[in-house]
Amino acid sequence: MHFTTQPHPAPMPADQRDEALKDPGFGTLFSDHMVTIDYDEAKGGWQDGVVGPRAPIMLDPAASVLHYAQEIFEGMKAYRQPDGGMALFRPEANAARFNASAARLAMPALPEETFIEAIRQLLSVDRDWFPTVEGGALYLRPFMIATEAFLGVRPARQYKFMVIASPAGNYFKSGAKAVSIWISDYTRAAPGGTGAAKCGGNYAASLVPTGQAFAKGHDQVLFLDAVERKWVEELGGMNLFFVFDDGRVITPRLTGTILPGITRDSLITLLREEGLEVSEAMYSIDQWREDAASGRLVEVMACGTAAVVTAVGKVAGPDGAFTIGAGGIGQTTARLREKLVGIQTGTVADPHGWMMRV
Ligand SMILES: *Cc1c(COP(=O)(O)O)cnc(C)c1O
């Protein structure tokens, strides 16, 4: 794939940018550029890539994405390395998942090397946008939308793949705390639906349940399966691990209604490497309550790109609340977070070749 670069004619002044990079928060600050690759079935598919100034995009009001939500995305980070360079964590896994999402939403596949090259291109023009705050990272958001102007319900024939970058602060500012979660009556994904795809529609449907959790004073929402309302699936944007006192670990099996997290997959590898027995299995909310009460369940970890690994301290629902362990951050959670963050930031060996220099 060929890329042309059109540098921003008026990038943010360096002093203003550097000030913003000291405390970027999450998701509101953006780098100067963006990558766009158009797809047109009539022109043979993917066109040349463009690295251009970040700017609003022109869409026909009949563009399919605006009516039928043909949209997918990824979320990943570039991490600062000890020598000052940057590296991505398992970008091939994001590229592969992006294409799995594309297949479910009837969208065209993007070659994995093009997905990664697009990110490299953006990072090469916006390297000065790396946050300076301790623990910060450059969050990358690749996404694809259907742009064809056509109101019939069928897959579009024109798409836009884009990548934007957003400097992000440390998710755990000072003193990470265990999160409290609310068991939702709403469901996130039904068998045969789009739960395993990273598509915007899943998030649109999770806003009301997440809002309820917040209103009740919790940090996250927990979704149970849509059929029996019994099996633990995942949080709004994080996968779960259950750690028992005998060294066994359970993470919900990928039944098609759970988003296959790359952090989840990496934790399974790291836990097994430590000699822990990890099973991907069905785990019910009643069993969870019982295991927490008996003390057999010692820790619950939630994981995803944004928060890496965090502890779940408290679970609440219409039938009351319960606490896991002492309600704080357990040893396994702390150790795994340190290990994974260490690999990502280049201070711990990377035996699996997960990091890609950019
Ligand atoms: C993205 C996402 C995750 C976490 O995936 P990672 O690859 O680990 O960041 C978990 N659940 C949902 C619903 C997600 O969208």
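Residues numbered from 1 in each chain as written. Predicted model: local features only at pLDDT ≥ 70, side-chain atom pairs only at ≥ 80, totals over all residues. Heavy atoms only, no water.

K.L.:
Describe a nonpolar patch on the surface, with residues and values.
P.N.:
A cluster of nonpolar side chains, contributed by I57, L59 and L66, occupies part of the molecular surface with about 230 Å² of accessible area. As for its placement among the helices and strands, I57 is situated in the loop between β3 (45-53) and α2 (64-68). (Patch = residues over 30% accessible without salt bridge, like charges linked within 9 Å, V, L, I, M, F, W, Y side chains within 5 Å. Areas by Shrake-Rupley, 256 points an atom, 1.4 Å probe, with all protein chains shown as cover. Salt bridge = Lys/Arg side-chain N within 4 Å of Asp/Glu carboxyl O. Helix = DSSP H or I, 4+ residues; strand = E, 2+ residues; numbered from the N terminus.)

K.L.:
Tell me what's going on with the nonpolar core, and back it up with residues and numbers.
P.N.:
The nonpolar side chains of a soluble globular protein tend to be buried with one another. Of all hydrophobic cores here, the largest spans 37 residues; its most connected members are F115, L123, L140 and F161. Taken together, the elements giving at least two residues each to this core come down to β2 (33-40), β3, β5 (76-80), β6 (86-89), α3 (91-104), α4 (112-125), β7 (137-146) and β8 (158-168). By residue number, the principal contributor to this core is α4, which donates 6 residues. (Core = buried A, V, L, I, M, F, W, Y, C linked by side-chain atoms within 4.5 Å. Buried < 20%, exposed > 50% of the residue type's maximum accessible area, 1.4 Å probe, protein only.)

K.L.:
Can you explain the domain arrangement of the protein? Please cite residues and give values.
P.N.:
For the protein, the domain assignment lists domain 1 (3-168) and domain 2 (178-345). Measuring from the centre of the C-alpha atoms in domain 1 to the corresponding centre in domain 2 gives 28 Å. Contact with domain 1, which involves 19 residues of that partner, is made by 19 residues of domain 2. Between domain 1 and domain 2, a total of about 1,700 Å² is buried, with carbon and sulfur atoms accounting for 58% of that surface. By the criterion of area lost to domain 2, the three top residues of domain 1 are F73, F89 and R97, representing 35% of everything that side buries. There are 1 salt bridge connecting domain 1 and domain 2. A salt bridge links D265 to R90; the nearest nitrogen and oxygen atoms lie 2.9 Å apart. Secondary structure elements with two or more residues in the side of domain 1 that touches domain 2: β4 (71-73), β5 and α3. Considering every element that reaches the side of domain 1 that touches domain 2, the biggest residue donor is α3, with 5 residues. (Domains from an automatic or database assignment. Contact = heavy atoms within 4.5 Å. Buried area = accessible area lost by both parts, 1.4 Å probe.)

K.L.:
Which residues make up the site of the ligand, and what values do they have?
P.N.:
Within the structure, the ligand sits among 15 residues, and K198, Y203, E234, T263 and T305 are positioned closest to it. A distance of 2.8 Å separates an oxygen atom of the ligand from a polar side-chain atom of R97. One of the side-chain N or O atoms of K198 is found 2.7 Å from an oxygen atom in the ligand. Protein contact buries 96% of the 380 Å² of open area that the ligand shows by itself. (Near = heavy atom within 4 Å. Polar contact = N/O pair within 3.5 Å; in protein donor to acceptor, adjacent residues only side chain to side chain.)

K.L.:
Hey, could you go over the pairing of β5 for me, with residue numbers and the actual values?
P.N.:
In terms of burial, β5 is a largely internal element, 4 of the 5 residues being buried. The pairing of β5 with β7 spans 3 bridges and is classified as antiparallel. In the sheet register, A78 faces β7, and the bridge partner there is L138. Where β5 lies against β6, 3 bridges are found, and the strand directions are antiparallel. Across the sheet, Y79 pairs through a bridge with A87, a residue of β6. Linking β5 to β6, which pair antiparallel, is a turn of 5 residues; within it G84 sits at a positive phi near 95°. (Pairing = 2+ DSSP bridges.)

K.L.:
Residue-level account of the packing of aromatic side chains, with values.
P.N.:
Enumeration over the complete set of coordinates arrives at 12 aromatic pairs. Ring plane angle 70° and centroid distance 5.5 Å describe the contact between F73 and Y203, whose orientation is recorded as edge-to-face. Here F73, found in strand β4, pairs with Y203, found in helix α5 (residues 200-215); they are 130 residues apart in sequence, far enough to count as distant. On the accessibility criterion, F73 (7% relative accessible area) is buried. On the numbers, 5.5 Å between centres and 70° between planes, the contact of F98 with F161 is edge-to-face. With F98 in helix α3 and F161 in strand β8, the pair connects residues that are 63 residues apart, well separated along the chain. The two residues F98 and F161 agree in class, both being buried. An aromatic cluster is defined as three or more aromatic residues linked by ring pairs; in this entry it consists of F242, F244, Y283, W288 and F322. (Phe/Tyr/Trp six-rings, centres within 6.5 Å; stacked < 30°, edge-to-face > 60°.)

K.L.:
So, α3: which residues are in play, and what are the values?
P.N.:
Over its 14 residues, α3 runs 20 Å from end to end, which matches the ideal 20 Å to within 8%, given 1.5 Å per residue. Within α3 the residues assigned to the buried category are P91, N94, A95, R97, F98, N99, S101 and A102. A positive phi of about 55° marks A106, the residue just after α3. (Expected span 1.5 Å × (residues − 1).)

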